[in-house]
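Structural characterization, general
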Number of protein chains: 2
Amino acid sequence: MAIAVKNLDKAVSTVENLFGLMPSRIEEIPDQGVRAAVIHIGDTEMEFIEPVNPDGGVARFLETRGEGIHHICLEVDDIDEELKRLDTKGAKLIDRQARKGLAGKIAFIHPKSLHGVLLELAQKA
Amino acid sequence: MAIAVKNLDKAVSTVENLFGLMPSRIEEIPDQGVRAAVIHIGDTEMEFIEPVNPDGGVARFLETRGEGIHHICLEVDDIDEELKRLDTKGAKLIDRQARKGLAGKIAFIHPKSLHGVLLELAQKA
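Only a predicted model underlies this, so the values are computations on that prediction, with no experimental measurement involved.

What follows is about the pairing of strand S5 (residues 68-75) of chain A. Residues and elements named next belong to chain A. When you tally the buried positions in S5, you get six out of eight residues, the bulk of the element. Where strand S1 (residues 2-4) and S5 come together, three bridges link them in antiparallel fashion. Opposite Ala2, over in S5, you have His71 as the bridge partner. Examined bridge by bridge, S5 and strand S8 (residues 119-123) share four bridges and lie parallel to one another. Each residue of the ladder has a partner; that of Glu75, found in S8, is Ala122.

The relation between the two chain copies is a rotation about an axis coupled with a shift along that axis. Screw-axis analysis of chain A against chain B gives a translation of 0.0 Å along the axis, an RMSD of 0.0 Å, and a rotation angle of 180°. These values place the two chain copies in the arrangement generated by a two-fold rotation axis. The fraction of interface residues of chain A whose copies in chain B are also interface residues reaches 100%, indicating that both copies meet through the same surface.

Take the environment of Phe48 of chain B next. All names here are of chain B. Relative to the helices and strands, Phe48 resides in strand S4 (residues 44-51). Along the chain, Phe48 and Lys100 lie 52 residues apart, while their C-alpha atoms are 18 Å from each other. Setting aside anything within four residues of it in sequence, one finds Phe48 in contact with Ile3, Val5, Leu8, Ala11, Val15, Arg35, Ala36, Ala37 and Ile39.

On to the sheet that holds strand S3 (residues 34-41) of chain B, then. Residue and element names in this part refer to chain B. The mixed open sheet is built from eight strands, whose spatial order is S2-S3-S4-S1-S5-S8-S7-S6. In this open sheet, the two edge strands, each paired with only one partner strand, are strand S2 (25-29) and strand S6 (99-101). Direction aside, the axes of adjacent strands within the sheet are offset by 35° on average. As paired elements, strand S7 (residues 104-109) and strand S8 (residues 119-123) share five bridges and run antiparallel to each other. Residue pairing across strands places Ile109 opposite Leu119, the latter belonging to S8.

Along the chain, Glu50 of chain B falls in strand S4. At 2.7 Å, the side chain of Glu50 of chain B and the backbone nitrogen of Leu8 of chain B are in polar contact.

Attention shifts here to helix H2 (residues 57-65) of chain B. An α-helical segment advances 3.6 residues per turn. Residues three or four places apart therefore align on the same side. All names here are of chain B. When H2 is considered as a whole, its buried residues turn out to be Val58, Ala59, Phe61 and Leu62. Buried residues of H2, seen end-on, are gathered within an arc of 160° and therefore sit on one face of the element. Across H2 from its buried face, at more than 90 degrees, point the exposed residues Arg60, Glu63 and Thr64. Each element contacted by the buried residues of H2 is listed here: strand S1 (2-4), S3, S4 and strand S5 (68-75).

Turning our attention to the sheet that holds strand S3 (residues 34-41) of chain A. Residue and element names in this part refer to chain A. What the eight strands build is an open sheet, ordered S2-S3-S4-S1-S5-S8-S7-S6; its pairing is mixed. Looking at strand neighbours, the two that pair on one side only are strand S2 (25-29) and strand S6 (99-101), the edges of this open sheet. Taking each pair of neighbouring strands and ignoring which way they run, the sheet shows an average axis angle of 35°. Sheet topology note: the S6/strand S7 (residues 104-109) ladder contains three bridges and is antiparallel. Bridging from a neighbouring strand, Lys100 pairs with Lys105 of S7.

Parameters and conventions
- Residues numbered from 1 in each chain as written.
- Chains lettered and ligands numbered in written order.
- Predicted model: local features only at pLDDT ≥ 70, side-chain atom pairs only at ≥ 80, totals over all residues.
- Heavy atoms only, no water.
- Buried < 20%, exposed > 50% of the residue type's maximum accessible area, 1.4 Å probe, protein only.
- Helix = DSSP H or I, 4+ residues; strand = E, 2+ residues; numbered from the N terminus.
- Pairing = 2+ DSSP bridges.
- Least-squares fit on C-alpha atoms with pLDDT ≥ 70 in both.
- Contact = heavy atoms within 4.5 Å.
- Axes fitted to C-alpha atoms, helices over the stretch in contact; angles between N-to-C directions.
- Polar contact = N/O pair within 3.5 Å; in protein donor to acceptor, adjacent residues only side chain to side chain.
- Arc of directions from axis to C-beta.

So this is what it looks like as structure tokens:
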């Protein structure tokens, strides 16, 4: 899951203070206009994202909804197949073609298709 | 993670249609005023919750924010210890004492403590 925050360093220090968890990596993803910190919890990854582009989707999310969970991500084996499959099932694809993201090859599915949940699919690099 | 929806049966059929996933159980949790469907994805559980109590927190969430991710849940070994520990760290506890929930003994931490994320701790029964 990815949590939109105003200040990435503050979020990282919150999680370190409360749970003793440290990010395994911090990276800028220019394509998505964010800086991201990835924290492993068991088999799950918690990701904090801070907008670096004031016109991007995450910046708009923070303006309208404030800090909070921005999207969830599911790992898939073959993202191109999965996008084709979801398309035939009537899902509303934001990305019709997978593109490069923090988690590998990624694509987003519109929240309208999943009860308000923005879904990212990721095929590990 | 738990996703607040208006109609649980519709949400369950969406996930079945898009991903071929079926709930492992559907239960009413009177204490939280919701009906819930639990769907396993790898080591993670996706839970859909529909309010059955129109005055409860989930009903209010739907009114103000619409359908979407309501909270996340982390499993802990000893929830009473964890609540004590988080209290000394300055986290704002909604439940100072663990109570019975769908996932076992549970307690909620206020979103103010975790950048807008409502966090549930759960100790499996």
